[in-house]
Amino acid sequence: MKIVILDRATLGFDIDVSIFEKYGEVTSYDVTKNEKTKERIKDADIVLTNKVVIGKDEMDDSNVKLICITATGTNNVDLVYAKEKGIEVKNVAGYSTSSVVQVAFSMIFYFVQKLNYYKTYVDEGKWQKSKIFTHIDKPFYELDKKRVGVIGLGEIGRNLAKKSRAFDCEVVYYSTSGKNANSEYKQVSLDELLKTSDIISIHAPLNENTKDLLNYENMKNMKKGAILLNLGRGGIINENDLAKLIDEKEIYCGIDVVNKEPIEESNPLLKVKNKDRLLLTPHIGWASIEARTRLVEMVAQNIEEFIF
């Protein structure tokens, strides 16, 4: 079996991928540009891709029998044509739940606890000049009794809800599909969730129901001081509207995903004036060491199931 990894760099070089060698001869490319994909997979039996696009043209005249997506999303592979060609496509799911939720809480505490401010206060030598033992000029608050609104109550959303309850928060949710009937948490309309929640966290897929789900008209109703997190998909929040609102109203936003990644120089979020209200991270929610290790193991399992 010939196995080709198209974008090895996306897995991180701290993660060992030698597990794939027991299934065949492995050729690994750190990055693959679109024009190189067809040539690189032509003679492969198994192809591993995270974000490299594999469409009709790439699959034509190839020997590919299995495409393993090293992620949950499958939009970078033409699934219809793969089926026509008899090429099996396997993705992985559920590997990153703890990682995403941990990053979400890291963002929450970044805004709530103001530790950056207090660390800078000490680092700049101001504490030793204080006339009193403490310095509390930057108010912070407790999470107890705060309302957490979860948009998308799938596996990740439920995990965040559970851990929010451990901080004695009230949890409500909005079902983006309209089909979730979870009775453990209170289901509310999107408008009510945005108007009443102290913390709002998005964990939904991007589809026709969620594209620009959050826009200027509904986000402007958020509570003053509310924290909005998007660790779901870029495109669920209208980025132009969000950038405008951050500079108009005191809301705080932790954004791990954007419309086009890597982020473009023209992205309006990079031009926000009130930068203390915005925490941008480069799509790291999924990527703890443990999550990426699980990911590789699950891809190996997919290969093993296909071969044997």
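Residues numbered from 1 in each chain as written. Predicted model: local features only at pLDDT ≥ 70, side-chain atom pairs only at ≥ 80, totals over all residues. Heavy atoms only, no water.

**Notes on the overall build of the protein**
For step 1, the next point in the chain: Along its length, the protein carries ten helices and twelve strands.
For step 2, the next point in the chain: Along the first, second and third principal axes, the C-alpha atoms of the protein reach 70 × 50 × 40 Å.
For step 3, the next point in the chain: Looking at the protein residue by residue over its 308 residues, the buried ones come to 47%.
For step 4, the next point in the chain: Taking the contacts inside the protein whose residues are at least 6 apart along the sequence as the reference set, 62% of them involve residues at least 24 apart.
For step 5, the next point in the chain: Element-wise, carbon and sulfur atoms account for 50% of the exposed surface of the protein, whose accessible area totals about 16100 Å².
For step 6, the next point in the chain: Both charge centroids of the protein, one from 44 positive and one from 46 negative side chains, sit 5 Å from each other. (Helix = DSSP H or I, 4+ residues; strand = E, 2+ residues; numbered from the N terminus. Buried < 20%, exposed > 50% of the residue type's maximum accessible area, 1.4 Å probe, protein only. Contact = heavy atoms within 4.5 Å. Areas by Shrake-Rupley, 256 points an atom, 1.4 Å probe, with all protein chains shown as cover. Lys, Arg positive; Asp, Glu negative; His and termini not counted. Charge placed at Lys NZ, Arg CZ, Asp CG, Glu CD.)

**Concerning the pattern of salt bridges**
For step 1, the next point in the chain: This structure, assessed with the given rule, holds 16 salt bridges.
For step 2, the next point in the chain: What you see here is one network of salt bridges that share partners, running through Arg 147, Glu 170, Lys 186 and Glu 192. (Salt bridge = Lys/Arg side-chain N within 4 Å of Asp/Glu carboxyl O.)

**Quick look at helix α9 (residues 239-246)**
For step 1, the next point in the chain: Along α9, the residues that are buried comprise Glu 239, Leu 242, Ala 243, Leu 245 and Ile 246. Along the axis of α9, the buried positions cluster into a sector of 165°, meaning they face one direction only.
For step 2, the next point in the chain: The residue sitting at the N-terminus of α9 and contributing the capping side-chain oxygen is Asn 238; that oxygen lies 3.2 Å from the backbone nitrogen of Asn 240. (Arc of directions from axis to C-beta. Polar contact = N/O pair within 3.5 Å; in protein donor to acceptor, adjacent residues only side chain to side chain.)

**Observations concerning the UniProt feature "domain: D-isomer specific 2-hydroxyacid dehydrogenase catalytic" (unreviewed entry) in the protein**
For step 1, the next point in the chain: On the UniProt side, "domain: D-isomer specific 2-hydroxyacid dehydrogenase catalytic" (unreviewed entry) is annotated at positions that read residues 14-307 here.
For step 2, the next point in the chain: End C-alpha to end C-alpha, residues 14-307 measures 27 Å, and it is 32% helix and 14% strand. (UniProt positions renumbered as here; feature names shortened; annotations may be inferred.)

**Quick word on the sheet that holds strand β12 (residues 278-280)**
For step 1, the next point in the chain: Pairing within the open sheet is parallel, and its seven strands lie in the order β8-β7-β6-β9-β10-β11-β12. The two strands at the open ends of the sheet, each matched to only one other strand, are β8 (186-187) and β12.
For step 2, the next point in the chain: Of the pairings in the sheet, the one linking strand β6 (residues 147-151) to strand β9 (residues 199-202) comprises four bridges and is parallel in character. Residue pairing in the sheet places Ile 151 in a bridge with Ile 202 of β9. (Pairing = 2+ DSSP bridges.)

**Side note on the UniProt feature "domain: D-isomer specific 2-hydroxyacid dehydrogenase NAD-binding" (unreviewed entry) in the protein**
For step 1, the next point in the chain: The feature "domain: D-isomer specific 2-hydroxyacid dehydrogenase NAD-binding" (unreviewed entry), as annotated in UniProt, sits at residues 106-285 in this numbering.
For step 2, the next point in the chain: Here residues 106-285 runs as 27% helix and 15% strand, with 10 Å between its end C-alpha atoms.

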